[in-house]
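The chain contents come next:
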Amino acid sequence: MSTSLIENLAFCASPAAGFLDDVLKGLSSASRSIPSKYFYDDIGSTLFDAICELDEYYPTRVESEIMHRYGDEIACRIGSNVRLVEYGSGSSIKTRILLDRLVDPCLYVPVDISNQHLTRTADALAKDYPTLSIAPVAADFTRPFELPKSEFDLCRSCVYFPGSTIGNFVQTEAIQLLADIAYRCEQGDGLLIGFDLRKDIDVLESAYNDRAGVTAAFNKNLLDRMNSELGANFDTLQFGHHAFFNDAAGRIEMHLVSQREQSVSIADHSFQFERNETICTEYSHKYSISEFEQMSAQVGWQCKETWCDERDYFAVMYLER
Ligand code: AVJ
């Protein structure tokens, strides 16, 4: 076994600890919503990997293209002997492109909310990168969490935040998250972040309404998850998937739509749904490069370089504190 360089999985509270509270709060408010981080249980993480393989879902493919094409330049910007901390590492697929090019990275710290998925990913990485030290952390990075102490604490750090996950947050939250990351970093540390760019509305809407229905299944998995983990009684056949581009807000919105008047119980609470009433399950904000640069600059990040694909669908930006 070549897993000796994997440190024990560090848990930061239970990533799903607030699920019930967040669901009750989200369903009690006037415009109903559930935080999109709850998509990512084990099944949801696997469904998300399937989304990334879809023809219509361009972000993952395009970001990987950028990483392949400019990987050497990116690795050069990041520099040698860094501690690479990844937010929302998932299956760490794009990370491999980076790890293949980084010069002597001292430690890789994948942070993810799904601990089963994280453990599998760390095991697979350890096999393919036998000399790399890996310190997985199961945490919800929108809440306070600590990175495990290690012999590499004095190394320069680079936070890797790919996948346009930052797009899930409204602008004030996104800026707060960029500030949280900056707070963890020393002057001169790096941030490599991927975000999705504004583009033709049909391209955007197709990406979240694939013909095979994988995105719909991903969305509805949240209902299954509430049923199994919170003892809710959602009739999953009575909710539909709806995703559209909200132009004024610059984002894709994903909703679960009640197909009829119905009531649902969760714990000791009961919720009444009108026909066509929706639960918002995700925002996916699309930015321009200058907009993103400005947001980051507000909290101490200086943009050093940005790489895009030929159609300007997606951007990978390197910033330093
Ligand atoms: C992982 C948040 C980047 O917003 O495109 C994919 C999640 N939702 N299809 C995105 C997602 C529906 C994805 N992010």
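Note: the structure precedes this text.
Residues numbered from 1 in each chain as written. Predicted model: local features only at pLDDT ≥ 70, side-chain atom pairs only at ≥ 80, totals over all residues. Heavy atoms only, no water.

**Points about helix α5 (residues 115-128)**
Then, number 1: The first and last C-alpha atoms of α5 sit 20 Å apart over 14 residues, in line with the 20 Å expected at 1.5 Å per residue.
Then, number 2: Of the residues making up α5, those classed as buried are His117, Leu118, Thr121, Ala122, Leu125 and Ala126. Buried residues along α5 cover an arc of 160° about the axis, so they all sit on one side.
Then, number 3: Its buried side turned inward, α5 meets α2 (42-52), α4 (93-99), β3 (107-112) and β4 (137-138). (Helix = DSSP H or I, 4+ residues; strand = E, 2+ residues; numbered from the N terminus. Expected span 1.5 Å × (residues − 1). Buried < 20%, exposed > 50% of the residue type's maximum accessible area, 1.4 Å probe, protein only. Arc of directions from axis to C-beta. Contact = heavy atoms within 4.5 Å.)

**Examining the layout of surface pockets**
Then, number 1: Estimated volume of the second largest pocket: approximately 400 Å³.
Then, number 2: In terms of lining, the second largest pocket is formed by 17 residues, of which the most central are Arg83, Leu147, Asp153, Arg184 and Glu186.
Then, number 3: Elements with a minimum of two residues in the lining of the second largest pocket: β2 (82-87), β5 (156-161) and α6 (171-184).
Then, number 4: When residues in the lining of the second largest pocket are grouped by element, the largest group, three residues, is from β5.
Then, number 5: By residue class, the composition of the lining of the second largest pocket is eight nonpolar, one polar and eight charged. (1 Å grid on protein atoms, 1.4 Å probe; cavity = no way out; pocket = protein on both sides within 12 Å on 5 of 7 lines; lining within 4 Å. Points joined across faces, edges and corners; volume = space filled by probe spheres on them. Nonpolar A, V, L, I, M, F, W, Y, C, P; charged D, E, K, R; others polar.)

**Quick look at the site of the ligand**
Then, number 1: Close to the ligand lie 14 residues; Tyr57, Gly163, Tyr208, Glu282 and Ser284 are nearest.
Then, number 2: The side chain of Tyr208 places a nitrogen or oxygen atom 2.5 Å from an oxygen atom of the ligand.
Then, number 3: A distance of 2.5 Å separates a nitrogen atom of the ligand from a polar side-chain atom of Glu282.
Then, number 4: For the ligand, the accessible surface in isolation is 350 Å², of which the surrounding protein chains cover 98%.
Then, number 5: Sorting the residues of the shell around the ligand by element identifies α2, α8 (214-230) and β11 (278-285) as the ones contributing at least two each.
Then, number 6: Of the residues belonging to the shell around the ligand, the class tally is seven nonpolar, six polar and one charged. (Near = heavy atom within 4 Å. Polar contact = N/O pair within 3.5 Å; in protein donor to acceptor, adjacent residues only side chain to side chain. Areas by Shrake-Rupley, 256 points an atom, 1.4 Å probe, with all protein chains shown as cover.)

**Let's talk about unusual backbone geometry**
Then, number 1: Backbone geometry at Asn81 places phi at a positive 55°, although glycine is not the residue there.
Then, number 2: With respect to the secondary-structure elements, Asn81 resides in the loop between α3 (58-78) and β2.
Then, number 3: Judged by relative accessible area, which is 41%, Asn81 ranks as partly exposed.

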